[in-house]
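# Secondary and tertiary structure notes
Chain residues, written in single-letter form:
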Amino acid sequence: MKQWVTEIMALDPTAPERGLVKYGGPEVPGNTQEEAEVYCQENGLGYCKVIGELICEFPESFAPFASILGNEN
């Protein structure tokens, strides 16, 4: 079964003056995006927005280079 990436909008607890900030949410299962959205609703994750299919993962050691890796220009 495919895995789907979610995001969450929440206040930054360390800097509430920033207002709402996007955070990565949990990965959720589903054969389609619609199934993943239903999964969220039925499993207490209704605050999550499904944003796309997880197609690969990078090791945490690549984190400093994330902005470079995500740039297709």
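Structure: see above.
The model shown is predicted, which means the values in this text are computed figures rather than measured ones.

What counts, and where the lines are drawn
- Every chain's residues receive numbers from 1 upward, in the order its sequence appears when written.
- Reporting in this predicted model follows two pLDDT cut-offs: at least 70 for local features of residues, and 80 or more for side-chain atom pairs to be given and counted; totals over whole chains, interfaces and linings ignore these cut-offs and use all residues.
- Computation of side-chain values covers all heavy atoms of the structure but excludes hydrogens and water.
- Only buried residues count toward a nonpolar core, which is a set of Ala, Val, Leu, Ile, Met, Phe, Trp, Tyr and Cys residues joined through side-chain atoms within 4.5 Å.
- Between buried and exposed lies partly exposed: a residue is buried under 20% and exposed over 50% of the maximum accessible area for its type, with that area taken using a 1.4 Å probe on protein chains only.
- Numbered from the N terminus, helices here are DSSP runs of H or I no shorter than four residues, and strands are runs of E no shorter than two.
- The criterion used for residue contact is that any of the two residues' heavy atoms lie within 4.5 Å.
- Nitrogen and oxygen atoms within 3.5 Å of one another constitute a polar contact, given that in protein one can donate a hydrogen and the other can accept it, and given that sequence-neighbouring residues count only through two side-chain atoms.
- Grouping into patches uses exposed residues only, defined as over 30% relative accessible area, and leaves out salt-bridged ones; the cut-off is 9 Å for like charges and 5 Å for nonpolar side chains (Val, Leu, Ile, Met, Phe, Trp, Tyr).
- In this description, accessible areas are obtained by the Shrake-Rupley approach with a 1.4 Å probe, and a residue is regarded as covered only by the protein chains that are shown.
- The term salt bridge refers to a side-chain nitrogen of Lys or Arg lying within 4 Å of a carboxyl oxygen of Asp or Glu.

With eight residues, the main nonpolar core is built from W4, I8, V28, A36, C40, L45, C48 and V50. Counting residues per element, the ones that place at least two in this core are β1 (3–11) and α1 (33–42). If near-sequence neighbours (up to four positions away) are discounted, C40 is found in contact with T6, V28, L45, G46, C48 and V50.

Looking now at the environment of E27. Within the secondary structure, E27 sits in the loop between β2 (20–24) and β3 (28–29). Expressed as a C-alpha distance, the spacing of E27 and E7, which sit 20 residues apart in the sequence, is 9.3 Å. With near-sequence residues (within four places) excluded, E27 lies in contact with Q3, W4, L54 and E57.

Bringing the side chain of D12 into the picture now. Counting through the fold element by element, D12 comes out in the loop between β1 and β2. Of note is the side chain of D12, whose polar atom sits 2.6 Å from the side chain of T14. Within the structure, D12 has its side chain in polar contact with the side chain of R18 (distance 2.6 Å). When neighbours within four sequence positions are excluded, D12 is seen to be in contact with R18, G19, V21 and Y23.

Moving on, we come to a nonpolar patch on the surface. Taken together, the side chains of M9, L11 and L20 make up a nonpolar region of the molecular surface, amounting to roughly 320 Å² of accessible area. By secondary structure assignment, the location of L11 is in strand β1.

Structurally, T6 is set in strand β1. Within the structure, T6 has its side chain in polar contact with the backbone oxygen of P26 (distance 2.6 Å). Contact partners of T6, with chain neighbours within four places excluded, come to Y23, G24, G25, P26, V28, C40, C48, K49, V50 and I51.

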